Amino acid sequence: MARDPDLARPSAAMLLILDLDETLIHAAKGPPPRPADFVVGAYSVWKRPHLDAFLTSCAGWATPAFWSSATDAYVRHVVDAILPAGLAPAFAWGRGRCTRRQDPETREDVLLKDLAKVRRRGFDLRRTLIVDDTPGKVARHYGNAVYVPPYFGDPDDDVLPRLADYLATLRDAADVRVLEKRGWLPAGRG
Ligand SMILES: [Mg+2]
């Protein structure tokens, strides 16, 4: 029986969409408890430890992209500040690309990252991963999601090297959505 060539052979490069706040960085207003890595407007910003190595490592086998629910201007500043030299993301999207929905229970507005917008850009969702610390923002596409414990500035945080190693195990997956990705970080680590 003929096999679907798309299932047998991952053709497209993996698209790796990364959240910013509490995933790759932590930003805070007010007097900084320790020197910040950089400043954006009124915010002091700390890179999650090992961020440069993480981005460089992932870019070796995936196409990185950024998607945050913060303002588009903030996203541009942060991405400019964290991007290692020579690395070009597929896109860097902010709130303007999120979908606003009201939570039926809390009545609060929630900003969702709807991967249909990524698919319409020509990306294959079988080969798309989205990394976020807030599961609700990618609830429509949990099959593409890898959740990380939030980063609030701990200088000893070691999630990113572990995440780089884990993500690399998915690099040849024909369809990331059928793989169980919860529990990638051993229990007790958030
Ligand atoms: Mg976040």
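Keep in mind that what you see is a predicted model, and the values were worked out from it rather than measured.

## Brief notes about the coordination of the magnesium ion
- At the metal site, the magnesium ion is ligated by Asp19 (OD), Asp21 (O) and Asp133 (OD), and these contacts range over 2.1 to 2.2 Å.
- Of note, the donors binding the magnesium ion are all from one chain and are spaced D-x1-D-x111-D. Here aspartate 21, found in the loop between strand 1 (14-18) and strand 2 (25-28), pairs with aspartate 133, found in the loop between strand 9 (128-132) and strand 10 (145-147); they are 112 residues apart in sequence, far enough to count as distant. Both residues of the pair, aspartate 21 and aspartate 133, belong to the buried class.

## Here we look at the pairing of strand 9
- Burial analysis of strand 9 places 5 of its 5 residues in the buried class, the great majority of the element.
- The two faces of strand 9 match: Thr128, Ile130 and Asp132 on one face and Leu129 and Val131 on the other face are all buried.
- Taken together, the 3 bridges between strand 9 and strand 10 define a ladder with parallel strand orientation. Paired with isoleucine 130 across the strands is alanine 145, a residue of strand 10.

## Side note on the pattern of salt bridges
- All chains considered together, the criterion is met by 10 salt bridges.
- Close ionic contact of lysine 47 with aspartate 52 constitutes a salt bridge, the shortest N to O distance being 3.3 Å.
- When its relative accessible area of 40% is taken as the criterion, aspartate 52 is described as partly exposed.
- Between glutamate 180 and arginine 182 there is a salt bridge, and its shortest N-O distance comes to 2.9 Å. Take glutamate 180 and arginine 182: they sit in the same class, and that class is exposed.

## Focus: the confidence of the model for the protein chain
- Averaged over every residue, the pLDDT of the protein chain is 91; the share at 70 or more is 92%.
- Within the model, pLDDT remains below 50 along residues 1-10, and this stretch shows 8 contacts once partners closer than five positions in the same chain are excluded.

## A short note on the sheet that holds strand 9
- Reading across from one edge, 6-5-1-9-10 is the order of the 5 strands in this open sheet, with parallel pairing throughout. The open sheet has two free edges, formed respectively by strand 6 (92-93) and strand 10, since each of these has just one partner strand.
- Bridge analysis of strand 5 (residues 62-67) against strand 6 gives 2 bridges, and the strand direction is parallel. Of the residues in strand 6, the one forming a bridge with phenylalanine 66 is alanine 92.

## Some remarks on the packing of helix 2 (residues 51-59) against helix 5 (residues 159-168)
- Relative orientation of the contacting elements helix 2 and helix 5 amounts to 10°, with a least axis distance of 9 Å. By the criterion of interaxial angle, the relationship of helix 2 to helix 5 is roughly parallel. On the side of helix 2, the interface is formed by Leu51, Phe54, Ser57 and Cys58, while helix 5 contributes Leu160, Leu163, Ala164 and Leu167.
- Along the lines of polarity and charge, the residues of the contact of helix 2 with helix 5 split into 7 nonpolar, 1 polar and no charged.

## Some details on the nonpolar core
- Counting residues in hydrophobic clusters, the biggest one holds 39 residues, and the most contacted among them are Leu20, Leu24, Ile25, Phe54, Ile82, Leu163 and Leu167.
- Put simply, the parts of the chain that give this core at least two residues each are strand 1, strand 2, strand 3 (38-40), helix 2, strand 5, helix 3 (72-82), strand 9 and helix 5.
- Considering each element in turn, this core owes the most residues, 6 residues, to helix 5.
- With residues near it in sequence (within four places) discarded, leucine 167 still touches Leu16, Phe54, Cys58, Trp61, Leu129, Val131 and Val146.
- Counting residues in each nonpolar core, the second largest holds 14 residues, with Leu15, Trp67, Val118 and Ala145 among its members.

What counts and what doesn't
Residues numbered from 1 in each chain as written. Predicted model: local features only at pLDDT ≥ 70, side-chain atom pairs only at ≥ 80, totals over all residues. Heavy atoms only, no water. Donors = N, O, S within 2.8 Å, 3.2 Å for Na, K, Ca; no water. Helix = DSSP H or I, 4+ residues; strand = E, 2+ residues; numbered from the N terminus. Buried < 20%, exposed > 50% of the residue type's maximum accessible area, 1.4 Å probe, protein only. Pairing = 2+ DSSP bridges. Salt bridge = Lys/Arg side-chain N within 4 Å of Asp/Glu carboxyl O. pLDDT = per-residue confidence, 0-100. Contact = heavy atoms within 4.5 Å. Axes fitted to C-alpha atoms, helices over the stretch in contact; angles between N-to-C directions. Parallel < 35°, antiparallel > 145°, perpendicular 65-115°, else oblique. Nonpolar A, V, L, I, M, F, W, Y, C, P; charged D, E, K, R; others polar. Core = buried A, V, L, I, M, F, W, Y, C linked by side-chain atoms within 4.5 Å.

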